[in-house]
Amino acid sequence: MGRAYIVDESVEVYLSRLCETAAGPGPGSGLLLGQSSPQRDFVVMAIRTPHREEAAAGSSLDKEWVTEHARQVSRMLPAGLSVLGIFIITDTEAKDSLTSLQQLVFAVDTLISTEQLWGPAHDDITDRVTLHVNSKTRKTVCRTFDVRDPKSAAKPADWRYQSGVCSSWTTVSCWVDLDVIIQLPETQTSIQSMDTCVKEGLSSWVQRVEGGVCLMDGKKLEEDWELTGGQRRNVKHTHVAQLLITADERRLPGTVWRCGGSLSIKGAIHSRAYVHSNKPTAGHAHKLLKRDVVSTVTTRVQMVLEDLLMAQERHTHTPCTEQLLLPRRLFCPVKGAGPVCVCDYQFGDEGMADVTDRLKEMLDVDAAEKDLDGEQEVTSESVTPPLTHGSDVEPHQTPQSNKYLGVAMATAVALLATAASLLYLDQI
């Protein structure tokens, strides 16, 4: 027998409900979310892939649609939750879907990996799971593939339901001050090419985060130190951490870099990680927390750049200096999943209803506005930006090229105390 999957009983209820509502000739599909450990994996959520309105009727999986859904969902998962695999609900035999499932699980992992800036660790689990559910007989067939090996063959896996799978998970959180400057090359000419430049520019900061020292409740713990909690259910286990990151040597006095512009990220962000209860160690918690710091920062920058790209397509004029508020992070508890929360990002012009709508569409989570936790990060009120060189925007006018303009550079220092984030783009 291959890997063991301990699955929350709420997943069984959810899949059964999807079987009852399955309609149309095509198969239904979705994602399996949870956390891996060396001995076994924990599945705490299953979420269906939204129907594609313009999709043609057929009997095959829409690989492009499912992989894009997985990419969007991965942005909404704090560390400790990840896309472990996929499921399919169909009335065909499991053997008839094996090839499609294999191609799909590899495609999902490849696309998600393109947005991850951290390097692989020696203890990373590279097995991904596929679950075939027969909508008529309710029979399930579970197999895994090693996504590290393109020629990986399907391996059988043990799929077992259990109550309260993550009720005793440990929560580790921290706040991190950001003051990151990314130099843009002289050849950078568009927002599209800037995305690649930003990823390359963030690599130095990511390395400093990965090499940072993590203190748990003010103490430096050995990597193999077992965290308290263990298997005690319904007991809240939380740790407040500090992440000590070395200074950027490239910003020392006297250092000169030739560039075509710069991008500055300033502010403070809240980071959070959930650690499984199967002999959790401080080292595993440190790794997850650092990855969450990297993930939440890069996700927000990418979201702003995507919005800039859309604004650029709508308008031909773009000021030389852009001052942008990054979206704040909100958390939403998952009912029946113990302390575990999912998250979303709220831009300044969005209301809580926009967030609850996204949670429903992307994660199939029914959340009320009162369920959302937005207290960890508080955005500062925007002020009118100063007139910048090369811009024809008059003072006290709101630039129309981007709806998130409006934070003066002088506000950046104040933002540190208000737990908001600022992205400042300056093209020379």
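Along every chain, residues carry numbers that run from 1 in the direction the sequence is written. Where local features are concerned, this predicted model is filtered to residues with pLDDT of at least 70; where side-chain atom pairs are given and counted, the filter is 80 or more; whole-chain, interface and lining totals use all residues. With hydrogens and water excluded, all non-hydrogen atoms of the structure serve as input to the side-chain values.

Asks: Report on the sheet that holds strand S4 (residues 82–90), specifying residues and quantitative values.
Replies: Read from one edge of the open sheet, 8 strands run S7-S6-S5-S4-S2-S3-S1-S8, paired in mixed fashion. The open sheet has two free edges, formed respectively by strand S7 (155–156) and strand S8 (158–162), since each of these has just one partner strand. Summarising the sheet, strand S2 (residues 28–36) and S4 pair through 7 bridges and their orientation is antiparallel. Each bridged residue has a counterpart across the sheet, and for Leu32 the counterpart in S4 is Gly85. It only takes one pair of heavy atoms within 4.5 Å for two residues to be counted as in contact. All axes are obtained by fitting lines to C-alpha atoms, using only the stretch in contact for helices, and the reported angles, taken between N-to-C directions, cover 0 to 180 degrees. Only runs of H or I of at least four residues qualify as helices and only runs of E of at least two qualify as strands under DSSP, and these elements are numbered from the N terminus. Across the face of the sheet, helix H2 (residues 63–75) comes into contact with S2, strand S3 (40–48) and S4 while running at roughly 35° to S2. The strands touched by helix H3 (residues 98–113) are S4, strand S5 (127–134) and strand S6 (140–146); relative to S4, the strand with the most contacts, the crossing angle is about 150°. We call two strands paired when DSSP finds no fewer than two bridges between them.

Asks: Describe the environment of Ser167, with residues and values.
Replies: Within the secondary structure layout, Ser167 lies in the loop between S8 and strand S9 (170–184). Buried, partly exposed and exposed residues are distinguished by accessible area as a fraction of the type maximum, computed with a 1.4 Å probe on protein chains only: under 20%, between the cut-offs, and over 50%, respectively. Ser167 gets classed as buried once you look at its relative accessible area, which sits at 11%. A C-alpha to C-alpha distance of 8.3 Å links Ser167 and Val340, two positions 173 residues apart in sequence. From its side chain, Ser167 meets the backbone oxygen of Gly164 in a polar contact 3.0 Å long. Side-chain atoms alone can form a polar contact between residues adjacent in sequence; in general such a contact is a pair of N or O atoms within 3.5 Å, and within protein one must be able to donate a hydrogen while the other accepts it.

Asks: Tell me about the packing of aromatic side chains, residues and numbers included.
Replies: Stacked, edge-to-face and tilted labels apply to pairs of Phe, Tyr and Trp rings (six-membered ring for Trp) whose centres lie within 6.5 Å, assigned for plane angles under 30 degrees, over 60, and everything in between, in that order. Applying the stated criterion across every chain yields a total of 4 aromatic pairs. Look at Phe42 and Trp169: their rings are 6.2 Å apart centre to centre, the planes differ by 80°, and that puts the pair in the edge-to-face class. One end of the pair, Phe42, is in strand S3; the other, Trp169, is in the loop between S8 and S9, with 127 residues separating them in the sequence. Ring plane angle 65° and centroid distance 6.5 Å describe the contact between Phe106 and Phe145, whose orientation is recorded as edge-to-face. Note that Phe106 is positioned in helix H3 and Phe145 in strand S6, a separation of 39 residues in sequence. The exposure class of Phe145 is buried, given its relative accessible area of 1%.

Asks: Quick one: what's the story with helix H1 (residues 9–21), residue by residue and with numbers?
Replies: Residues that lie three or four places apart on an α-helix share one face, since the helix turns once every 3.6 residues. For H1, which comprises 13 residues, the first-to-last C-alpha distance of 19 Å matches the rise-based estimate of 18 Å (1.5 Å per residue) to within 8%. Every buried residue of H1 is listed here: Val11, Tyr14, Leu15, Leu18 and Cys19. End-on, the buried residues of H1 take up no more than an arc of 140°, which puts them together on one face. Among the exposed residues of H1, those oriented more than 90 degrees off its buried face are Val13, Glu20 and Thr21. Buried positions along H1 lie against strand S1 (4–8), S3, S4, S5 and S8. How far a helix is expected to stretch is found by multiplying one less than its residue total by 1.5 Å. The directions from the helix axis to the C-beta atoms are what the arc is built from.

Asks: Which residues make up unusual backbone geometry, and what are the values?
Replies: Although it is not a glycine, Arg138 adopts a positive phi angle of roughly 65°. Locating Arg138 in the fold gives a position in the loop between S5 and S6. Its relative accessible area of 36% is what places Arg138 among the partly exposed residues. The phi angle at Asp364 is positive, at roughly 55°, despite the residue not being glycine. When its relative accessible area of 17% is taken as the criterion, Asp364 is described as buried.

Asks: Hey, could you go over the pairing of S5 for me, with residue numbers and the actual values?
Replies: Within S5, 8 of the 8 residues are buried, which leaves the element mostly enclosed by the surrounding structure. Here S5 shows a buried face lined by Asp127, Val129, Leu131 and Val133 and a second buried face lined by Arg128, Thr130, His132 and Asn134. Where S4 lies against S5, 6 bridges are found, and the strand directions are parallel. In the sheet register, Phe87 faces S5, and the bridge partner there is Leu131. Alignment of S5 against S6, held across 7 bridges, turns out to be antiparallel. The partner of Leu131 across the bridge, within S6, is Cys142. In sequence, S5 turns back onto S6 through a hairpin of 5 residues, with Arg138 there showing a positive phi of about 65°.

Asks: Help me get a handle on the packing of H2 against H3, residues and values and all.
Replies: For the pair H2 and H3, interaxial distance at closest approach is 9 Å and the crossing angle is 40°. Judged by the inter-axis angle, H2 sits oblique to H3. Here H2 and H3 pass one another in a crossing that is right-handed. Touching Lys63, Val66, Thr67, Glu68, Ala70, Arg71 and Ser74 of H2 are Gln103, Leu104, Ala107, Val108, Leu111 and Ile112, all from H3. Classes in brief: Ala, Val, Leu, Ile, Met, Phe, Trp, Tyr, Cys and Pro nonpolar; Asp, Glu, Lys and Arg charged; the others, Gly included, polar. The residue makeup of the contact of H2 with H3, split by class, is 7 nonpolar, 3 polar and 3 charged. When an angle is under 35 degrees it counts as roughly parallel; over 145 it counts as roughly antiparallel; between 65 and 115 it counts as roughly perpendicular; any other value is oblique. For any pair of crossing helices, the crossing counts as left-handed if the nearer helix is rotated counterclockwise from the farther one by less than a right angle, and right-handed if it is rotated clockwise.

Asks: With reference to specific residues and values, describe the pairing of S3.
Replies: The two faces of the sheet receive side chains in turn, since in a regular strand these alternate between them. Counting buried positions along S3 gives 8 out of 9 residues, so the element sits mostly inside the fold. Bridging between S1 and S3 involves 4 bridges; their strand directions are parallel. Residue pairing in the sheet places Ile6 in a bridge with Phe42 of S3. Both S2 and S3 contribute to a ladder of 7 bridges, which runs antiparallel. Bridging from a neighbouring strand, Ser36 pairs with Asp41 of S3.

Asks: Give a detailed account of the pattern of salt bridges, specifying residues and quantitative values.
Replies: Salt bridge criterion: a side-chain nitrogen from Lys or Arg within 4 Å of a carboxyl oxygen from Asp or Glu. In total, this model carries 23 salt bridges according to the counting rule given. The salt bridge partner of Asp109 is Arg128, with a shortest N-O separation of 3.2 Å. One end of the pair, Asp109, is in helix H3; the other, Arg128, is in strand S5, and 19 residues separate them in sequence. For the pair Asp109 and Arg128, one class covers both residues: buried. A salt bridge links Asp344 to Arg358; the nearest nitrogen and oxygen atoms lie 2.7 Å apart. Of the two residues, Asp344 is situated in strand S15 (residues 341–346) and Arg358 in helix H6 (residues 352–363); the sequence distance between them amounts to 14 residues. On the basis of relative accessible area, Asp344 is assigned to the buried category, the value being 5%.

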